[in-house]
Amino acid sequence: MKIINQMEPSFDDEEREAVNDYLKSGGWITEFKKTREFESVIAAYCGSKHCSVVSNGTIALTAALMACNVGAGDEVIVPDYTMVATPNSAAILGAKVVFADIERKSLCLDFEKMKKAVTNKTKALMLVTINGRYPENIEEYVDFCRKKGIWLVEDAAQSLGSKAHGKHLGTFGDLGCLSFSSPKIISTGQGGAILGGNEELMERVRKIRDFGREKPGSDHYLTMGWNFKFTDLQAVIGLEQMKKLPWRVERKKALGKLYDKLLAGLRGAELIPTNYADTAPWFFDILADRREALQAFLDGRGIKTRPFYPALHSEPAYGLKGSYPIAEEVARRGLWLPSSVSLKDEDVEHVCSMIREFCVKQG
Ligand SMILES: Cc1ncc(COP(=O)(O)O)c(C=O)c1O
């Protein structure tokens with residue numbers, strides 16, 4: 001039986017040759033010129049003034065919050081539906097995570113509910129552009145935070161290649177974070193980046209990721225810092241992956257449109273609207289009435305899927321009470337379908353015909 005994975009990264013001869021050439025050149029593997037080049041390429045692609053790469057997306061979020069001086073006594077507003085790295089990056093710094101519900105349309109933080117969650121202790125807001133989608137009024141979040149003196153940190157880990165009204169996601173907030181983990185549109189195995197336009201803030205990020213050093217190689221420490229650094233070995237892979245990104249963005253959009261066409265009007269499997277002019281979906285997603293049964297049905301036919309993240313407030317790590325109806329509903333019904341950029345049209349047709357068969361059988 002042919003197995004269709006839910007997600008797999010794509011590396012080809014170009015990455016293999018680049019790694020080989022790099023090792024032959026005598027590079028020290030650790031971050032150096034290739035890392036700086038990778039940062040420039042990402043910054044140029046996203047239209048961001050600065051880019052700082054770090055070990056992974058979680059660290060990118062943590063370093064961004066550290067640069068905003070988030071710590072004990074502060075509150076950070078986070079959507080209840082997101083990957084757990086978003087709230088964890090605030091909690092690990094001693095800040096109080098305040099969850100707010102999401103909006104049904106984009107599955108991103110709901111503007112009105114977010115406003116209700118603000119107190120005089122709110123230090124930062126983490127806007128997650130989940131699956132490359134964004135709230136239509138994204139500029140209002142920016143204005144609101146600016147007026148209130150709240151840092152806006154965008155978690156754009158799933159949004160490389162996606163825009164809002166033509167502007168790259170991750171460039172709306174004070175700082176924006178990307179991830180290059182294995183399931184992302186480009187991957188360096190692990191990796192993350194912080195985008196930003198404010199030189200002073202980005203300088204803080206650079207210090208935080210390098211032990212608080214005055215400058216690389218110096219043993220004079222101006223701030224508290226860690227070792228959040230990247231490696232040139234990953235950067236040479238990332239540089240090759242970035243060359244493929246424009247094609248991948250178009251392919252993701254084409255695959256998403258095909259899924260939408262083939263699953264339209266199906267009872268029991270609801271599509272989440274996607275604006276393909278802006279969004280290159282990370283994963284292809286549906287809301288299914290009988291999710292577990294559908295997942296088992298597809299699994300029995302070699303089609304791998306993955307349930308959405310849980311509503312995080314109720315996870316044991318947070319253990320909070322409260323009502324977050326939309327996050328709870330999508331957490332219960334959401335299913336990620338096969339989403340690799342290497343999927344063939346026939347694979348998507350097969351997946352959709354199996355979903356159709358399931359939905360018709362279930363009436
Ligand atoms: C929304 C979101 N934030 C943060 C992360 C964490 O990124 P990383 O796995 O690179 O640490 C992820 C990873 O999937 C994510 O999807």
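Each value, and the rule that gives it
- Throughout, residues of each chain are indexed from 1 in the direction in which the sequence is written.
- This being a predicted model, a pLDDT of at least 70 is required before a residue's local features are given, and a value of 80 or more before pairs of side-chain atoms are given or counted; all residues contribute to the totals for chains, interfaces and linings.
- Put simply, DSSP H or I for four residues or longer makes a helix, DSSP E for two residues or longer makes a strand, and each gets a number counted from the N terminus.
- For the radius of gyration, the atom set is restricted to C-alpha positions; the globular benchmark scales as 2.2 Å times the number of residues to the power 0.38.
- Comment: burial labels come from other C-beta atoms within 10 Å of the residue's own C-beta, placed from the backbone, where a count of 20 or more is buried, 12 or fewer is exposed, and between is partly exposed.
- The contact criterion used here is simple: two residues whose C-beta atoms, placed from the backbone, lie within 7 Å are in contact.
- Strand pairing is defined by DSSP finding a minimum of two bridges between the two strands.
- Angles run from 0 to 180 degrees between N-to-C directions of axes, and those axes are lines fitted to C-alpha atoms, restricted for helices to the stretch in contact.
- By definition in this entry, angles of less than 35 degrees are roughly parallel, angles greater than 145 are roughly antiparallel, angles of 65 to 115 are roughly perpendicular, and the rest are oblique.
- Two helices crossing with the near one rotated counterclockwise from the far one by less than a right angle form a left-handed crossing, whereas a clockwise rotation gives a right-handed crossing.
- Classification used: nonpolar for Ala, Val, Leu, Ile, Met, Phe, Trp, Tyr, Cys and Pro, charged for Asp, Glu, Lys and Arg, polar for all others including Gly.
- Remark: nonpolar core denotes a set of buried Ala, Val, Leu, Ile, Met, Phe, Trp, Tyr and Cys residues whose joining runs through C-beta atoms within 7 Å.
- Just so you know, the domain bounds were taken from an automatic or database domain assignment.
- Residues are classed as near a molecule or strand if the C-beta position derived from their backbone is within 6 Å of it.

Our next topic: the overall build of the chain. Helix and strand counts for the chain stand at 11 helices and 13 strands. Compactness check: the chain gives a C-alpha radius of gyration of 21 Å against a globular reference of 21 Å for 363 residues, within 12% of the reference. Expressed along its principal axes, the backbone C-alpha trace of the chain runs to roughly 70 × 55 × 35 Å. Burial analysis of the chain (363 residues in total) assigns 48% to the buried set. Here the contacts in the chain between residues at least 6 apart in sequence split such that 67% fall between residues at least 24 apart.

Turning our eyes to something else, we now look at the pairing of strand β13 (residues 334-337). Burial along β13 is two-sided: the residues Gly-334 and Trp-336 and Leu-335 and Leu-337 are all buried. Pairing geometry for strand β12 (residues 306-307) and β13, over two bridges, is antiparallel. Bridge pairing in β13 places Arg-306 opposite Trp-336.

Moving on: the packing of helix α2 (residues 33-46) against helix α8 (residues 232-263). At a minimum axis distance of 8 Å, the contact between α2 and α8 shows a crossing angle of 25°. With respect to α8, the axis of α2 lies roughly parallel. Two packed elements cross with a definite hand, and for α2 against α8 that hand is left-handed. Of the residues in α8, those touching α2 at Lys-34, Thr-35, Glu-37, Phe-38, Val-41, Ile-42 and Tyr-45 are Asp-232, Ala-235, Val-236, Gly-238, Leu-239, Met-242 and Leu-245. Taken together, the residues that form the contact of α2 with α8 break down as nine nonpolar, two polar and three charged.

It is worth spelling out the sheet that holds strand β1 (residues 50-54) at this point. Across a sheet, strands are paired by hydrogen bonds formed along the backbone, either parallel or antiparallel in direction. Spatially, the seven strands line up as an open sheet ordered β1-β9-β8-β5-β4-β2-β3, and their pairing is mixed. The strands lining the two open edges of the sheet, one partner per strand, are β1 and β3 (96-100). Put simply, the sheet's adjacent strands are angled 25° from each other on average, direction ignored. Pairing of β1 with strand β9 (residues 192-196), which is carried by five bridges, proceeds in the antiparallel orientation. The residue bridging Cys-51 from the neighbouring strand is Leu-195, located in β9. Sitting on the sheet, helix α3 (residues 57-67) is in contact with β1, β4 (122-128), β5 (151-155), β8 (175-179) and β9, with an inclination near 165° to β8.

On to the nonpolar core, then. Counting 102 residues, the largest nonpolar core has Ala-63, Ala-64 and Val-153 as its most contacted members. Here this core gathers at least three residues from each of two domains, domain 1 (13-239) and domain 2 (245-362).

With that settled, consider the site of the ligand. Lining the immediate surroundings of the ligand are 14 residues, of which Gly-57, Thr-58, Met-83, Ala-157 and Ser-179 lie closest. Elements represented by at least two residues in the shell around the ligand include exactly α3 and α4 (85-91). Of the residues belonging to the shell around the ligand, the class tally is four nonpolar, nine polar and one charged.

Even without being a glycine, Ile-29 presents a positive backbone phi close to 75°. You can call Ile-29 partly exposed: it has 13 C-beta atoms within 10 Å. Even without being a glycine, Phe-211 presents a positive backbone phi close to 60°. With respect to the secondary-structure elements, Phe-211 resides in the loop between α7 (199-209) and α8.

A few words now on the sheet that holds β13. Taken together, the four strands give an open sheet; going across it, the order is β10-β11-β13-β12, and neighbouring strands pair in antiparallel fashion. With partners counted over all chains shown, the strands left at the sheet margins are β10 (269-271) and β12, one partner each. Pairing of strand β11 (residues 284-288) with β13 involves four bridges; the strand directions are antiparallel. Bridge pairing in β13 links Ile-286 to Leu-335. Seen against the sheet, helix α9 (residues 291-299) touches β11, β12 and β13 and runs at an angle of roughly 20° to β13.

We now examine the environment of Gly-161. Tracing the chain through its elements places Gly-161 in the loop between β5 and β6 (163-164). Residue Gly-161 is classed as buried on the basis of its C-beta count, with 24 C-beta atoms lying within 10 Å. For the pair Gly-161 and Lys-252, spaced 91 residues apart in the sequence, the C-alpha separation amounts to 9.7 Å. In this view, Gly-161 contacts Ile-185, Leu-245, Arg-248, Val-249 and Ala-280; residues no more than four positions away in its chain are not counted.

As for its position among the elements, Leu-109 is in the loop between β3 and α5 (111-117). Among the residues examined, Leu-109 registers 29 C-beta atoms within 10 Å and is labelled buried. With near-sequence residues (within four places) excluded, Leu-109 lies in contact with Pro-79, Ala-100, Ile-102, Met-114, Leu-127 and Val-128.

With that settled, consider the domain arrangement of the chain. For the chain, the assigned domains are domain 1 (13-239) and domain 2 (245-362). Centre-to-centre separation of domain 1 and domain 2, based on C-alpha positions: 25 Å. Counting residues at the interface gives 25 residues for domain 1 and 28 residues for domain 2. Contributing elements (two or more residues each) for the side of domain 1 that touches domain 2: β3 and β6. Within the side of domain 1 that touches domain 2, the residues separate by chemical class into 12 nonpolar, six polar and seven charged.

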